[in-house]
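Spelled out from the first residue to the last, the chains are:
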Amino acid sequence: RPVFMHHFRNAKNQIENEKVLAAIRGVFALQNSAKKDSREDELRQRLRYILSQLGMSGERGTQDIIDACCFVREHGGTVSSSGIRALCMALCPDAPKSTEQRMRRAIERSLRHIASLGLEDYTNEVFVRYATHLFPFEEVRREMAAIQGRGRGGHVSVKTFLDGLMVLLETEAEFENLTHCACAQWVKLYIYAYLQFHNSQNIHNKMSVLVDYAETA
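This is a predicted model, so every value here is computed, not measured.

Before we go on, may I ask you to explain the overall build of the protein chain in this structure?
Across its full length, the protein chain carries 9 helices and 0 strands. What you see in the protein chain, going N to C, is helices and strands ordered as α-α-α-α-α-α-α-α-α. Across the 217 residues of the protein chain, 30% fall into the buried class. Nonlocal contacts in the protein chain, meaning residues at least 24 apart in sequence, comprise 63% of its contacts between residues at least 6 apart. Carbon and sulfur atoms make up 55% of the accessible area of the protein chain, which amounts to about 14,700 Å² in all.

Laid out in structure tokens, this is it:
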């Protein structure tokens, strides 16, 4: 009987432990799901901001471009590797050609907007930032010439634009991560200095030591 009770208690404890572990897994699953939704919402907001700077506000293809970028981000790879037709088929199986056409019209409007900014001011921040990242610069120059009445204008590639947009997003994300890490490092340095010299009454000495330590870290 004592042996039976011992096994019974072990089995009971194991069941309780499994329930606790299941609850913990459930919490983490909900947190991961929430983080995933949050990351996608953040990505969509960043894309809307970029596309608005590119003069796409009001274009129907803007939402298609956002959906395409989110799809590529979720499934990995590039637009070039999957192909624009396959991507449009995945986004809208009933009308893939219409999806591509909407995106193309929005990108054409963006090219004209960028070219106009470049004509007004070569140092324009939006022009400098996006002209060579999202379009072949030769096409930007052709569009600029067309606006001045010379030539037929530049051509756009939906695939090139989307790949460039994804690279731009990755670059911005890496920069934000570096900035975040740098801020976190300064916080750690401040805490370290405070703990090391909390008995000192001279705040100026504390900050001097902090700066010296940061420069040599």
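What is the right way to read the packing of aromatic side chains from this model?
Ring pairs (aromatic) are described by centroid distance and by the angle formed between their planes. Applying the stated criterion across every chain yields a total of 3 aromatic pairs. Here Tyr122 and Phe127 contribute two aromatic rings whose centre-to-centre distance is 5.7 Å and whose plane-to-plane angle is 80°, an arrangement assigned as edge-to-face. Classification of Tyr122 by relative accessible area gives exposed; the value is 52%. Summarising the aromatic geometry, the rings of Phe127 and Phe137 are spaced 6.3 Å apart at their centres and angled 65° between planes, so their arrangement reads as edge-to-face.

For this particular structure, what's the right way to read the nonpolar core?
Looking at soluble globular proteins, one finds that nonpolar side chains tend to be buried together. By size, the foremost hydrophobic cluster in this structure holds 39 residues, and its most contacted members are Ile65, Ile114, Phe135, Phe161, Leu162 and Leu165. Only helix H1 (2-53), helix H2 (61-75), helix H4 (84-91), helix H5 (96-120), helix H6 (125-134), helix H7 (137-147) and helix H8 (158-197) provide two or more residues apiece to this core.

How should I be thinking about H5 in this particular structure?
Every α-helix carries 3.6 residues per turn, so stepping three or four residues along brings you back to the same face. With 25 residues, H5 extends 37 Å between its outermost C-alpha atoms, agreeing within 8% with the 36 Å of an ideal straight helix rising 1.5 Å per residue. Every buried residue belonging to H5 is among Thr99, Glu100, Arg102, Met103, Ala106, Ile107, Ser110, Leu111, Ile114, Ala115, Leu117 and Gly118, and all of these are buried.

Would you take a moment to explain the side chain of Glu139 for this structure?
By the element assignment, Glu139 lies in helix H7. Judged by its relative accessible area of 13%, Glu139 falls in the buried class. Side-chain polar atoms of Glu139 contact the backbone nitrogen of His155, separated by 2.7 Å. With residues near it in sequence (within four places) discarded, Glu139 still touches Leu111, Gly154 and His155.

Help me understand the environment of Arg109 in this model?
Mapped onto the elements of the fold, Arg109 is located in helix H5. Taking the relative accessible area as the measure of exposure, Arg109 reaches 38% and is therefore partly exposed. For the pair Arg109 and Val156, spaced 47 residues apart in the sequence, the C-alpha separation amounts to 9.9 Å. Arg109 has contacts with Gly55, Ser57 and Glu59, leaving out every residue within four places of it along the chain.

I tried to follow the confidence of the model for the protein chain on my own but got confused; where do I start?
For residues with low pLDDT, the predicted coordinates do not support detailed interpretation. Chain-level statistics for the protein chain give a pLDDT mean of 77 and a share of 63% at 70 or above. Here helix H9 (residues 203-216) stands out as the least confident element of the protein chain, with mean pLDDT 47; H5 is the most confident, with 96.

Whenever I open this one, the environment of Ala106 confuses me. Can you help?
With respect to the helices and strands, Ala106 occurs in helix H5. Aside from chain neighbours lying at most four places away, what touches Ala106 is Met56, Glu59, Gly61, Thr62 and Ile65.

Could you clarify how one ought to interpret the pattern of salt bridges in this entry?
Working definition: two side chains of opposite charge can pair if their charged atoms are close together. Following the criterion strictly, the structure yields 9 salt bridges and no others. When the shortest N-O distance is used, the salt bridge between Arg109 and Glu59 registers 3.0 Å. A residue pair is termed long-range when its members are at least 10 positions apart, and Arg109 in helix H5 and Glu59 in the loop between H1 and H2 qualify at 50 residues. Several salt bridges share partner residues, and in doing so they unite Glu40, Arg44 and Asp67 into one network.

Just to check I follow, could you spell out H7 for this structure?
Burial in H7 covers these residues: Glu139, Val140, Glu143, Met144, Ala145 and Ala146. The inward-facing, buried residues of H7 contact H5 and H6.

Conventions and cut-offs
Residues numbered from 1 in each chain as written. Predicted model: local features only at pLDDT ≥ 70, side-chain atom pairs only at ≥ 80, totals over all residues. Heavy atoms only, no water. Helix = DSSP H or I, 4+ residues; strand = E, 2+ residues; numbered from the N terminus. Buried < 20%, exposed > 50% of the residue type's maximum accessible area, 1.4 Å probe, protein only. Contact = heavy atoms within 4.5 Å. Areas by Shrake-Rupley, 256 points an atom, 1.4 Å probe, with all protein chains shown as cover. Phe/Tyr/Trp six-rings, centres within 6.5 Å; stacked < 30°, edge-to-face > 60°. Core = buried A, V, L, I, M, F, W, Y, C linked by side-chain atoms within 4.5 Å. Expected span 1.5 Å × (residues − 1). Polar contact = N/O pair within 3.5 Å; in protein donor to acceptor, adjacent residues only side chain to side chain. pLDDT = per-residue confidence, 0-100. Salt bridge = Lys/Arg side-chain N within 4 Å of Asp/Glu carboxyl O.

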